[in-house]
Amino acid sequence: MTSPVSFGFNFINSYLTLPKDFYTQQTIKQFRAPQNIIFNQELAQALELNISELEQEGFIIANGDKLPQNAQPISQAYCGHQFGHFVKLGDGRAVLLGEHVTSQMSRFDIQLKGSGPTIYARGGDGLAAMGPMLREYLISEAMYHLGIPTTRSLGVMSTGDPVFRETTLPGAMLIRVAKSHIRVGTFEYAATLEKSLLQNFSDYVIERHFPELINEENRYEKLLQAVINNQARLIAQWMCVGFIHGVMNTDNMSIPGESIDYGPCAFMNHYHPNTVFSSIDRHGRYAYQNQPIIGQWNLTRFAETLLPLFNDDIEVAKEKALELLDTFKHVYTQHWLQIMRHKIGIKTQSDDDLELIEDLLKMMETHQADFTLTFRHLNQPELLDPGMASSEAFRQWVLKRNERIPEHQQQHSQQLMDAANPLVIPRNHLVEESLEQATQGNMNPFHDLLEVIKNPFSSPKDSRYLEPSSIEFEQTFKTFCGT
Ligand code: AMP
Ligand code: MG
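Residues numbered from 1 in each chain as written. Chains lettered and ligands numbered in written order. Predicted model: local features only at pLDDT ≥ 70, side-chain atom pairs only at ≥ 80, totals over all residues. Heavy atoms only, no water.

Undergrad: If you had to explain the overall build of the protein to someone new, which residues and values would you point to?
TA: Check the secondary structure of the protein and you find 17 helices and twelve strands. A compact globule built from 483 residues should have a C-alpha radius of gyration of about 23 Å, and the protein, at 23 Å, falls within 12% of that. For the protein, the residues scored as buried account for 56% of the 483 residues in total. For the protein, the share of sequence-separated contacts (at least 6 apart) that also reach a separation of at least 24 residues comes to 73%. As displayed, the protein has an accessible area near 20600 Å², and 49% of this comes from carbon and sulfur atoms. Charge-centre separation for the protein: the mean point of 40 positive side chains lies 2 Å from the mean point of 57 negative side chains. (Helix = DSSP H or I, 4+ residues; strand = E, 2+ residues; numbered from the N terminus. Rg over C-alpha atoms; globule rule 2.2 N^0.38 Å. Buried < 20%, exposed > 50% of the residue type's maximum accessible area, 1.4 Å probe, protein only. Contact = heavy atoms within 4.5 Å. Areas by Shrake-Rupley, 256 points an atom, 1.4 Å probe, with all protein chains shown as cover. Lys, Arg positive; Asp, Glu negative; His and termini not counted. Charge placed at Lys NZ, Arg CZ, Asp CG, Glu CD.)

Undergrad: Provide a residue-level description of the pairing of strand S7 (residues 94-101), including the pertinent values.
TA: Of all the eight residues making up S7, eight are buried; the element is thus mostly covered by neighbouring parts of the structure. The pairing of S7 with strand S8 (residues 107-113) spans seven bridges and is classified as antiparallel. Paired with His-100 across the two strands is Phe-108, which belongs to S8. (Pairing = 2+ DSSP bridges.)

Undergrad: Provide a residue-level description of the site of ligand 1, including the pertinent values.
TA: Neighbouring residues of ligand 1: 18 residues in total, closest Gly-90, Gly-92, Asp-125, Gly-126 and Asp-261. A distance of 3.4 Å separates an oxygen atom of ligand 1 from a polar side-chain atom of Tyr-78. Separating an oxygen atom of ligand 1 from a side-chain N or O atom of Arg-122 is a distance of 3.0 Å. Computed on the free molecule, ligand 1 has an accessible area of 490 Å², of which 86% lies beneath the protein chains in the complex. Among the residues forming the shell around ligand 1, the class breakdown is four nonpolar, seven polar and seven charged. Split by domain, the shell around ligand 1 shows at least three residues from each of two domains, domain 1 (11-181) and domain 2 (182-483). (Near = heavy atom within 4 Å. Polar contact = N/O pair within 3.5 Å; in protein donor to acceptor, adjacent residues only side chain to side chain. Nonpolar A, V, L, I, M, F, W, Y, C, P; charged D, E, K, R; others polar. Domains from an automatic or database assignment.)

Undergrad: Please set out the domain arrangement of the protein residue by residue, giving values where relevant.
TA: Taken domain by domain, the protein holds domain 1 (11-181) and domain 2 (182-483). Counting from both sides, the interface comprises 56 residues of domain 1 and, opposite them, 63 residues of domain 2. Interface area lost by domain 1 to domain 2 is led by Phe-83, Arg-135 and Leu-138, which between them contribute 15%. In this structure, the connection of domain 1 to domain 2 is made through seven salt bridges. The residue Lys-454 makes a salt bridge to Glu-42 at a minimum N-O spacing of 3.3 Å. Where domain 1 touches domain 2, the interface holds 24 residue pairs in polar contact (both at pLDDT 80 or more). Only strand S3 (35-39), strand S5 (79-82), strand S6 (85-88), S8, helix H3 (130-145) and strand S10 (168-178) provide two or more residues apiece to the side of domain 1 that touches domain 2. Here the side of domain 1 that touches domain 2 gets 14 residues from one element, more than from any other, and that element is H3. Partitioning the side of domain 1 that touches domain 2 into residue classes produces 27 nonpolar, 14 polar and 15 charged. (Buried area = accessible area lost by both parts, 1.4 Å probe. Salt bridge = Lys/Arg side-chain N within 4 Å of Asp/Glu carboxyl O.)

Undergrad: Give me unusual backbone geometry: which residues, what numbers.
TA: If you check the backbone angles, Phe-7 has positive phi at about 55° while not being a glycine. Checked against the element boundaries, Phe-7 lands in the segment before strand S1 (11-12). Phi angles above zero are rare outside glycine, and Arg-122 is one such case at about 50°. Among the structural elements, Arg-122 can be located in the loop between S8 and H3.

Undergrad: Residue-level account of the pattern of salt bridges, with values.
TA: If you walk through the whole model with that rule in mind, you get 28 salt bridges. Note that Glu-99 and Arg-107 form a salt bridge whose closest N and O atoms lie 2.9 Å from each other. For Arg-107, a relative accessible area of 26% puts it in the partly exposed group. Of the charged contacts in the structure, one is a salt bridge between Arg-404 and Asp-353, with a shortest N-O distance of 2.5 Å. With Arg-404 in the loop between helix H13 (392-402) and helix H14 (410-420) and Asp-353 in helix H10 (residues 353-366), this residue pair connects regions lying 51 residues apart in the sequence. Both residues of the pair, Arg-404 and Asp-353, belong to the buried class.

Undergrad: I'd like a rundown of the nonpolar core, residues and numbers included.
TA: A general trend in soluble globular proteins is that nonpolar side chains are found buried together. Counting 119 residues, the largest nonpolar core has Phe-22, Leu-223, Trp-336 and Leu-360 as the members making the most contacts within it. Among the elements that line this core, the one with the most residues is helix H6 (residues 219-241), at 14 residues. Counting only domains with at least three residues in this core, you end up with domain 1 (11-181) and domain 2 (182-483). If sequence neighbours within four positions are ignored, Phe-22 has contacts with Tyr-15, Ser-75, Gln-76, Ala-77, Tyr-189, Ala-190, Leu-193, Leu-197 and Phe-201. Counting residues in hydrophobic clusters, the runner-up holds 29 residues, among them Val-5, Leu-67, Val-95 and Met-173. (Core = buried A, V, L, I, M, F, W, Y, C linked by side-chain atoms within 4.5 Å.)

Undergrad: Help me get a handle on H14, residues and values and all.
TA: The set of residues buried in H14 consists of Ser-413, Leu-416, Met-417 and Ala-420. Along the axis of H14, the buried positions cluster into a sector of 95°, meaning they face one direction only. In H14, the exposed residues that point more than 90 degrees away from the buried face are Gln-411 and Ala-419. Packing partners of the buried residues in H14 comprise helix H9 (327-343), helix H11 (371-376) and H13. (Arc of directions from axis to C-beta.)

Undergrad: Please set out the packing of helix H5 (residues 195-209) against helix H7 (residues 291-310) residue by residue, giving values where relevant.
TA: Helices that pack against each other are described as a pair by the angle of their axes relative to one another and the distance between those axes. Across the interface, H5 lies against H7 with an axial gap of 10 Å and an inter-helix angle of 105°. Regarding the angle of H5 to H7, the classification is roughly perpendicular. Each of Lys-195, Leu-198, Gln-199 and Ser-202 in H5 lies in contact with H7, whose residues at this interface are Thr-305, Leu-306, Pro-308 and Leu-309. Within the contact of H5 with H7, the residues separate by chemical class into four nonpolar, three polar and one charged. (Axes fitted to C-alpha atoms, helices over the stretch in contact; angles between N-to-C directions. Parallel < 35°, antiparallel > 145°, perpendicular 65-115°, else oblique.)

Take a look at the structure:
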């Protein structure tokens, strides 16, 4: 065994202070010939890691006998409601190496995804294919640069071993960075244990993610409210860029409020509220327009886990939970309206805002207009969908919207719009094309696309990054999860 390299990781392992029910210590599978495929220098720098060590030897993390100093690999236990059904899960193909603490005392989980089967693998191979891991890298970077809370990716390593799906694919591993991997599903798991363990776990979460609540009376109720607020804001942000998560199971809803688990997610191009891309979402449970409702449904499952900590009288506890859950709709709508107002260039509030925004969305639906470019080009009708731009309804809409923008604020209105409306999203056909090439060994299209999505509010040199995926492409485009 060689002496351990730190790579600059400053690990603590606070999760190991929890009762043993919450995790299992794990060894990492030895892979044949691990290699760095892509490494996130900017993130490594932000995390104060040793860039040259990671670039030269980062791939050795993939091999269990050469783990970074002080890493103590564990897989975490959790449950989840998957498409509405309760299941016992856990990290089936992921291990947490430790929590990296920066000099500013920010703490990040460093997790390997695709690192071999764990005790929670339920018969799965514990592996990941290169395409989906690069997809997670790309989409999480896109979300980050759009200003949306998200887990990030420090790198992708190929393992040198094949993985067997419908076809044989090159295996890979992702290094995921998150505020933590604690999910609604982790609370669902905690709620299956004794009350003292649930309380112990909830206190751990409060101390780690909501330290301002430690000394609060009714801290568990305040925890619920904080998680509701974070999720309401996050989902509003998704909706305002046309992001469809695709698999909003409770095990994929993060307690610190980050977007997590980029499986079958995709950005909508042609606007339709029922858009679904996930191949397994046959009934559209996680369709674009359902995301806020599902968010509230998931938060209801979260609230249920906390009931024993709210009050010994279950009826009193339920009443309190319902009262808090009722705030979701209002908090969500306020965030959504605030972003949407800016997207159409309006700064002030009015009772008619909701109707004004919905009228625009209805026209976009009728004309299958591109979600991203319609908002960005609202003031340049020559760049909009010609059918929509030339319609009387749109002309009337613009007049109504303009009534809300005083003459002297027109410049400011355009600035608001430019800051709220990205020009670039990762277009589905380009993502697929870049992953196909990457899997065949050509990383150039992936790197090119990555550079463009890192500046979503600026105009790319090559206009092909702006073009929506064709309607024909989107009609047959399907995304997959767990691959
Ligand atoms: P996901 O759909 O990625 O959120 O995964 C749902 C559950 O399935 C989690 O518990 C994962 O750890 C597990 N899982 C997904 N793919 C695999 C795999 N190839 N091997 C073992 N477990 C897996
Ligand atoms: Mg998951």
